[in-house]
Amino acid sequence: MHITGPIFDPILAACSAPHESVGDFVKATGYQPYEPVAGMGIFTPLVCVVTQFMHQLRNTYPAGYITWGLAVVGIFPLSLFMSIEGGRNGAKGPIRYPILMGLIHQLLGMSVSVPLMWVPAFIWGRGEGPVTPMRLYLSVAATIPACICSTLVFLVDTDSYLWRLSAGILGGPILAVVTGFVLYFDIPPNKDSKEAIAKHLKATKEAYGFMTIACLICWVALLRLTFASYGFDLKGIWSELFTTADPGVAFLTLDYILIYIGVIFGFFAYQSWSTAFKTLLAAMLLGPAALTVAAKRLELAASEKLSQKAKLASQGQEMEQRERLKNNLDTIMCKPTELSSRPASAGGVTARQIFFAATSFILGAWAFIKVNSISGPAFEPIIAACTNPEFTSPAEFAAKTGYHIYEPKVGLVAFNMLVCLITQFLLELRETPPAGLLVWGGVIVVSLPLAISNTVAAGRKGVKGPVRYPTIIGLLSQLLGISVIYPMIWVPSYIFSGSKLGAPVTNKRIIYATCATMPGVILTYLVFTANTDGSVWTYAAGILGGPGLVLCGLIMYTDRSESMAATNENISKCSNAIQSAYSIVGAVSFAFWICLVAVAYGAYGFEHDKLWNDIWVEAGPSVAFMTIDTGVLFLGALLFIGYENGLEALKALLVTPFVGPGASCCMALKELESAATSKLLNGDNKKEV
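First things first, this report covers the structure right here in the doc. In this convention, every chain numbers its residues from 1, walking through the sequence in written order. Predicted model: local features are reported for residues with pLDDT of at least 70 only, side-chain atom pairs are reported and counted for 80 or more only, and whole-chain, interface and lining totals are derived from all residues. The side-chain quantities take in all heavy atoms of the structure and omit both hydrogens and water.

**Section: the overall build of the protein chain**
- Runs of E in the DSSP output that reach at least two residues are strands. Runs of H or I that reach at least four are helices, and both are numbered from the N terminus. When helices and strands are counted, the protein chain shows 31 helices and 0 strands.
- Taking 26 Å as the expected radius of gyration for a compact globule of 689 residues, we find that the protein chain reaches 28 Å, a close match to that expectation.
- Dimensions along the principal axes, computed over C-alpha positions, put the protein chain at roughly 95 × 75 × 40 Å.
- Throughout, exposure labels follow a simple rule: accessible area from a 1.4 Å probe, protein chains only, divided by the maximum for the residue type, with under 20% read as buried, over 50% as exposed, and the rest as partly exposed. Every one of the 689 residues in the protein chain was classed for burial, and the buried ones make up 53%.
- We call two residues contacting when some pair of their heavy atoms lies within 4.5 Å. Considering only residue pairs separated by 6 or more positions, the protein chain has 79% of its internal contacts joining residues 24 or more positions apart.
- The Shrake-Rupley method, run with a 1.4 Å probe, gives the accessible areas here. Residue values count only the displayed protein chains as cover. Looking at the protein chain as shown, the accessible area adds up to about 30000 Å², and 67% of this sits on carbon and sulfur atoms.
- As used throughout, the charge tally considers Lys and Arg to be positive and Asp and Glu to be negative, leaving His and the chain termini uncounted. Positions of charges follow a simple convention, taking NZ of Lys, CZ of Arg, CG of Asp or CD of Glu. Side chains of the protein chain give 46 positive and 44 negative charges; the mean places of these two sets differ by 12 Å. The globule rule is 2.2 Å times the number of residues to the power 0.38, and the radius of gyration it is compared with is taken over C-alpha atoms.

What follows is the structure, given as structure tokens:
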């Protein structure tokens with residue numbers, strides 16, 4: 001800050017000042033144009049600042065090229081360390097959350113966040129055991145975009161859009177969010193699994209081997225550029241890169257040095273002081289490759305110890321573990337047990353249950369009153385027309401009322417009125433771009449993880465009450481609105497249902513729950529893209545409004561999850577399958593959210609007041625209805641998560657601006673499932689609620 005503050009202060013002030021467009025910003029300040037999309041909204045000022053920083057480095061040859069190259073190559077091995085440590089069994093604290101750490105790195109700089117936050121978090125929150133090969137390979141692959149963007153920043157014309165986009169990606173949260181999001185859904189393998197350890201050993205050798213070669217190639221290229229430019233005058237090189245250097249160049253030189261010191265005397269020294277000193281000496285010759293070589297040796301040694309430990313496990317210990325698990329499962333299936341952060345109770349209803357159930361019920365009741373006050377006057381004439389017995393066909397209905405034709409086949413007779421109403425409702429949303437798409441898409445995004453949790457909860461052993469019947473809940477949601485039924489009925493009934501996280505269900509139920517989320521996404525795409533005069537649009541709108549998708553859930557009544565044996569193997573497989581389901585749906589939710597953000601930015605830019613006016617203040621009945629639906633449904637989801645674990649609900653709320661409400665809920669629900677299963681398998685669930 002002492003070096004760059006005087007230079008960056010006016011840039012930061014200019015980037016933070018309100019401006020209607022990038023063109024206006026350039027005219028007013030004379031700075032380089034930036035790409036606001038890369039900032040994903042909240043980080044746009046940072047993208048603006050980093051773009052000016054990269055432009056300054058580009059114009060400082062060769063010092064800018066050398067120091068940026070050192071910083072990027074130095075991050076290669078560090079990104080692999082962080083990825084591995086965050087994916088181990090038992091890892092906790094900041095190292096477990098790659099998105100959070102990535103955003104902090106972007107905001108504070110890695111020379112600050114690594115020694116100040118990550119190394120202490122590693123020391124106090126490290127886990128043990130192998131990680132999945134997928135995590136290792138993705139970590140290596142994640143360095144490729146940074147390489148490509150860095151190359152483009154120093155090669156292409158600075159006036160081109162490609163340069164601006166590359167600089168924005170390097171300075172924005174996209175790489176951190178996307179990489180961290182993908183890694184977050186990785187499921188740590190069993191630390192005692194010999195097969196997992198063997199796969200980890202193989203993947204570790206390959207990942208570190210590739211990273212070592214990449215670091216060596218880049219290091220040699222940077223040395224060649226340095227000595228070709230400055231000769232072998234080490235004092236002169238230091239002067240050009242730090243003492244008399246441009247502030248941006250000096251900042252990166254210091255960044256590189258501090259990262260090395262933090263990693264060597266923190267990450268390595270904590271594990272082995274001899275390795276730390278050897279790495280420090282080797283770094284003078286090998287550069288960042290010395291870090292990968294040292295980390296590889298430490299990792300292989302630790303993996304060999306784990307492998308030996310796994311081989312020494314006796315059959316008697318395995319039998320003892322199974323017996324302990326059986327006793328715990330007898331307890332959990334006969335009595336409510338503590339599988340989450342819920343407080344223990346001697347019996348009966350707890351204050352926690354009453355608080356969350358009452359809060360959720362009140363939220364749903366408020367939504368019911370509010371949506372009816374908004375949409376009632378507008379929907380009453382439509383309902384009257386849709387229920388008019390004088391119309392003998394949809395064509396006659398459309399001709400005499402002026403409303404859109406609907407498809408009665410998808411209403412299955414009993415729900416024809418609802419199909420007719422929802423068709424007009426969706427038409428209004430379609431004809432109110434982009435607000436209609438944004439609010440409807442918001443509900444779809446939030447509902448995706450809930451579709452899985454609702455279906456899985458209904459199949460848990462011992463569950464009772466409305467939660468047991470998701471088809472009925474779904475039909476009520478179609479009739480009264482999901483923002484009413486979910487918080488007013490589903491969440492309170494779940495709280496008192498006896499459904500416990502960790503209890504196994506069949507793969508059939510998990511697969512159905514995952515697949516059932518896709519039709520809503522596809523039909524939404526058709527409703528907002530197909531010709532409204534065509535049969536495709538009419539059928540898509542009718543299916544979204546009708547009972548067909550909900551009634552598909554009737555096939556789950558043939559499911560026998562309740563009679564599924566609660567063995568160690570079944571619990572582990574079920575947990576992994578559920579977490580994988582949340583991973584898949586989380587990725588879909590994230591992609592959908594990015595599309596909605598892109599649409600919103602294309603229409604409103606940073607004019608948030610205009611966006612709010614369109615979706616609420618001056619919105620039509622349908623748009624306002626869906627705005628309430630989105631907000632209330634998300635709050636209901638947070639109450640559901642908060643009942644199980646308040647900290648997970650808070651984390652989901654904080655990460656929502658970056659990954660969207662659907663993905664954030666998937667992340668929280670996956671954590672809850674993983675934690676509950678670990679407690680169950682480790683025999684920690686012995687308290688009654």
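Having put the structure on the table, let's press on.
**A closer look at the environment of Thr524**
- Here Thr524 lies in helix H24 (residues 518–527).
- We classify Thr524 as buried; its relative accessible area is 2%.
- Note: C-alpha distance between Thr524 and Leu544 (20 residues apart in sequence) is 8.1 Å.
- Apart from residues lying up to four places away in sequence, Thr524 is in contact with Trp440, Ile444, Leu544 and Phe592.

**Here's the deal with the environment of Pro394**
- Relative to the assigned elements, Pro394 resides in helix H18 (residues 394–401).
- Here Pro394 falls in the buried class, since its relative accessible area comes to 18%.
- Those residues in contact with Pro394 that sit more than four places away from it in its chain are Ile405, Tyr406 and Pro408.

**Some points on empty space enclosed by the protein**
- We place a 1 Å grid over just the protein atoms. Points where a 1.4 Å probe fits but has no way out form a cavity, open points with protein on both sides within 12 Å along at least 5 of 7 lines form a pocket, and any residue with an atom within 4 Å of a point lines it. Grid points are joined across faces, edges and corners, and a volume is the space filled by probe spheres set on the points. Scanning all chains against the criterion turns up 1 cavity of 30 Å³ or more.
- There is about 70 Å³ of room inside the largest cavity.
- Lining the largest cavity are Ser453, Val456, Ala457, Arg460, Tyr494, Leu501, Tyr582, Phe640, Leu669 and Glu673.
- Of all elements in the fold, only helix H20 (435–459) and helix H31 (661–681) reach the threshold of two or more residues within the lining of the largest cavity.
- With 3 residues, the top contributor of residues to the lining of the largest cavity is H20.
- Under the scheme applied here, ten amino acids are nonpolar (Ala, Val, Leu, Ile, Met, Phe, Trp, Tyr, Cys and Pro), four are charged (Asp, Glu, Lys and Arg), and all others, including Gly, are polar. Considering only residue class, the lining of the largest cavity consists of 7 nonpolar, 1 polar and 2 charged.

**Thoughts on the state of the cysteines**
- Here, two cysteine sulfur atoms that lie within 2.5 Å of each other are counted as a disulfide. For the coordinates displayed, the defined rule picks out 2 disulfides.
- Bridging Cys15 to Cys48, the disulfide has an S-S length of 2.0 Å. Between Cys15 and Cys48, the S-S dihedral sits near -65 degrees, and the bridge is therefore left-handed. With Cys15 in helix H1 (residues 5–16) and Cys48 in helix H3 (residues 44–58), this residue pair connects regions lying 33 residues apart in the sequence.
- For Cys48, a relative accessible area of 0% corresponds to the buried category.
- With its sulfur 2.0 Å from that of its partner, Cys386 forms a disulfide with Cys420. The chirality of the disulfide connecting Cys386 with Cys420 is left-handed, given an S-S dihedral of about -70 degrees.

**A short note on the packing of aromatic side chains**
- Working definition: rings of Phe, Tyr and Trp (its six-membered ring) pair if their centres are within 6.5 Å, and the pair is stacked with planes under 30 degrees apart, edge-to-face with planes over 60 apart, and tilted otherwise. Tallied over the full model, the rule gives 26 aromatic pairs.
- Measuring from ring centre to ring centre gives 4.7 Å for Phe227 and Phe232, while their planes differ by 20 degrees; the resulting arrangement is stacked.
- With 4.8 Å between their ring centres and 45 degrees between their planes, Tyr256 and Tyr260 make a pair best called tilted. A residue pair is termed a helical-turn pair when its members lie 3 or 4 positions apart in one helix, as Tyr256 and Tyr260 do in helix H13 (residues 247–271) at 4 residues.
- The exposure class assigned to Tyr260 is buried, which follows from its relative accessible area of 9%.

**Concerning unusual backbone geometry**
- Along the chain, Tyr61 connects to Pro62 via a cis peptide bond; the corresponding omega equals 0 degrees.
- Mapped onto the elements of the fold, Pro62 is located in the loop between H3 and helix H4 (63–86).
- The omega angle of the peptide bond from Pro433 to Pro434 is -10 degrees, so this bond is cis rather than trans.
- Among the structural elements, Pro434 can be located in the loop between helix H19 (416–430) and H20.
- With a phi angle near 50 degrees, Leu412 is a residue other than glycine that sits in the positive phi range.
- Inspection of the secondary structure puts Leu412 in the loop between H18 and H19.
- For Val413, which is not a glycine, the phi torsion comes out positive at approximately 70 degrees.

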